[in-house]
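Observations on the three-dimensional arrangement
Here is what each chain is made of, one letter per residue.
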Amino acid sequence: MTAAAAKTATSPSTETAYERPMHYDVGEWTSYLNSELPENVEEAMTDHLDGCPACCKLLSRAADNDEAFVTIFGRPAGPPSLLMPPTVESLVDRLVSMVLGPRVEGDASDTAQLVLGRRIICGAEWPMEPELHSVVARFLNRMKRTLFSGRVRGRVFASTEPPARPASQGASGEACEIAILLDAPAYDRQDLQLWDAQPGQIVLLLGLREDWERAGFTCDFTLPIAPPELVATREAERDALLEAYVDQDVSIRAAILSTAAGCDLPRRFFGPLTSNLPAPFLPIQRPSRTADVWCSIRSGWLAYRAILDALQDERLKLLVRADLEVLLSRLKEHFPTCAFRDRFQMRWLKRFGQVWSGSLGMQD
Ligand SMILES: [Zn+2]
């Protein structure tokens, strides 16, 4: 079932001519990452990046400094270097084109039709998860600028039941036209029916492609895999993480093993909620940015690559084996039900099965 709504597609009072400076500074790149700039300025900056390595560097420095960007949808995100900004923008364009219908016949203005009643399953390879969040965050921001409303729900591993889908209409301030659910394939297929396509709303379900496949869904929108040369520029970070892993105390090492398998951790894994998180862990925030009880690290896939390296070294492999046992016993403390541990085991074997030998000892 398809309904349609019409709104103007241009943001108000942002159409003044914009003169581009020679270069932009870190502050401007920070605003760019936070989508705080008028659309025409943002477009000019994206174009500029295409031909300016100096500004690309500044952008990634801004991403390093900027808390808001670090926590896209509440989750730690890496610097945006795996996809160049023009690629991100073209992905945002593609997503927008999936939710906008054809222009109204005979209407030369910028009137856009939102094709309501659609559900879009969005997937990414596991190293690309922060990029998927980044693309969808920019998509949502663009839709909000054209006066459509949107809400984001869900937190990774926070619950075994999906959060309620916001209503498509009604007096409640929660009602919205675009509803987004994070880490959607984590939920039971039947429970996920709560998030089926609804008249009057567009539903975006986000998850890793491998998780979608396992759950029997096909993705409508997927991210391309990062070009190998961009991945290579991150190898130094991976080396640093491997070094950090070897030098840390056992509970941090165990936690790094969890993120290497793509599993976030409850914050209390490190002790009482009031304590600060040890580096390199960062809180995962709720949309309201309060009471974060989960944590992870930036670019968790680099932890995966670091641990993959560790498993090639016989001495480090023994360390990983001992740390895994610590992690598993801690997970038993924190997760009385085995759903989380099953998922951890599945992910661990999927990522490290080829180089890992031996049982994970997950049986209760
Ligand atoms: Zn520049």
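Reading the values: rules and limits
- Residues numbered from 1 in each chain as written.
- Predicted model: local features only at pLDDT ≥ 70, side-chain atom pairs only at ≥ 80, totals over all residues.
- Pairing = 2+ DSSP bridges.
- Helix = DSSP H or I, 4+ residues; strand = E, 2+ residues; numbered from the N terminus.
- Contact = placed C-beta atoms within 7 Å.
- Axes fitted to C-alpha atoms, helices over the stretch in contact; angles between N-to-C directions.
- Expected span 1.5 Å × (residues − 1).
- Buried ≥ 20, exposed ≤ 12 C-beta atoms within 10 Å, placed from the backbone.
- Arc of directions from axis to C-beta.
- pLDDT = per-residue confidence, 0-100.
- Parallel < 35°, antiparallel > 145°, perpendicular 65-115°, else oblique.
- Left-handed = near helix turned anticlockwise from the far one by under 90°.
- Nonpolar A, V, L, I, M, F, W, Y, C, P; charged D, E, K, R; others polar.
- Core = buried A, V, L, I, M, F, W, Y, C linked by C-beta atoms within 7 Å.

1. Focus: the sheet that holds strand β6 (residues 118-124)
Strand order in this open sheet of five strands is β7-β8-β9-β6-β10, and the pairing throughout is parallel. Looking at the sheet topology across the chains shown, the edges are occupied by β7 (150-153) and β10 (221-222). Judged from the seven bridges that link them, β6 and strand β9 (residues 202-208) form a sheet pairing that is parallel. Directly across from C122, in β9, lies its bridge partner L206. Against the sheet, helix α6 (residues 129-145) contacts β6, β7, β8 (178-181) and β9, and its axis sits at roughly 145 degrees relative to β6.

2. So, unusual backbone geometry
Cis peptide bonds are those with omega within 30 degrees of zero, and the linkage from A279 to P280 qualifies with 5 degrees. With respect to the helices, strands and loops of the structure, P280 is situated in the loop between β11 (265-266) and β12 (281-284). Its identity as a non-glycine residue notwithstanding, D183 has a phi of 45 degrees, on the positive side.

3. A short note on the environment of T87
Within the secondary structure, T87 sits in helix α5 (residues 85-99). Considering only alpha carbons, one finds T87 and T46, 41 residues apart in sequence, at a separation of 9.7 Å.

4. What to know about helix α9 (residues 235-247)
In a regular helix each residue adds 1.5 Å, so 13 residues correspond to 18 Å; α9 covers 19 Å between its end C-alpha atoms and thus fits that length. Of all the residues in α9, the buried ones are R238, L241, L242 and Y245. Along the long axis of α9, the arc covered by the buried residues comes to 100 degrees, so they all point the same way. Along α9, the residues that are exposed and aim more than 90 degrees away from the buried face are A236, E243 and D247. Buried residues belonging to α9 abut α10 (250-260) and α11 (300-310).

5. A few points about the confidence of the model for the protein
Scored by pLDDT, the protein comes out at a mean of 76, with 72% of its residues at no less than 70. Per-residue pLDDT, averaged within each element of the protein, yields its smallest value for strand β1 (residues 3-8) (42) and its largest for β10 (96). The model gives residues 66-70 a pLDDT under 50, and that stretch makes 11 contacts with residues more than four places away or in other chains. Predicted confidence is poor over residues 287-291, with pLDDT under 50, and the contacts of this stretch with residues over four places away or in other chains come to three contacts.

6. A look at the packing of α5 against α6
Two packed helices can be described by the angle between their axes and the distance between those axes. One way to put it is that α5 packs onto α6 with a least axis distance of 9 Å and a crossing angle of 60 degrees. By the angle between their axes, α5 is oblique relative to α6. Every pair of crossing elements has a handedness; the one defined by α5 and α6 is right-handed. Every residue of α6 that contacts α5 at V88, L91, V92, L95 and V96 is listed here: S134, V135, R138, F139 and R142. Residues of the contact of α5 with α6, tallied by class, amount to seven nonpolar, one polar and two charged.

7. A closer look at the sheet that holds β11
Taking strand neighbours across the sheet as the criterion, the three strands line up as β11-β13-β12 in an open arrangement whose pairing is antiparallel. The open sheet has two edge strands with one neighbour each: β11 and β12. Relative to strand β13 (residues 294-297), β11 runs antiparallel, the two sharing two bridges. Paired with L265 across the two strands is C295, which belongs to β13.

8. With respect to the environment of L265
Residue position: L265 is located in strand β11. Here L265 falls in the buried class, since 25 other C-beta atoms lie within 10 Å of it. Linking L265 and I284, residues 19 residues apart in sequence, is a C-alpha distance of 9.5 Å. Among all residues touching L265, those that are not within four sequence positions of it are A255, S258, W294 and C295.

9. Quick notes on the nonpolar core
Counting 39 residues, the largest nonpolar core has V136, I178, I180, L204, L205 and L206 as its most contacted members. Counting residues per element, the ones that place at least two in this core are α5, β5 (111-116), β6, α6, β8 and β9. The residues contacting L205, other than those within four sequence positions of it, are R119, I121, C122, L181, A184 and W195. By size, the runner-up hydrophobic cluster in this structure holds 31 residues, among which are A255, I256, C295 and A306.

10. What to know about the pairing of β13
Judged by which residues are buried, β13 turns out to be covered on both faces: W294 and S296 on one side and C295 and I297 on the other are all buried. Sheet topology note: the β12/β13 ladder contains four bridges and is antiparallel. What sits directly across from L282, in β13, is S296.

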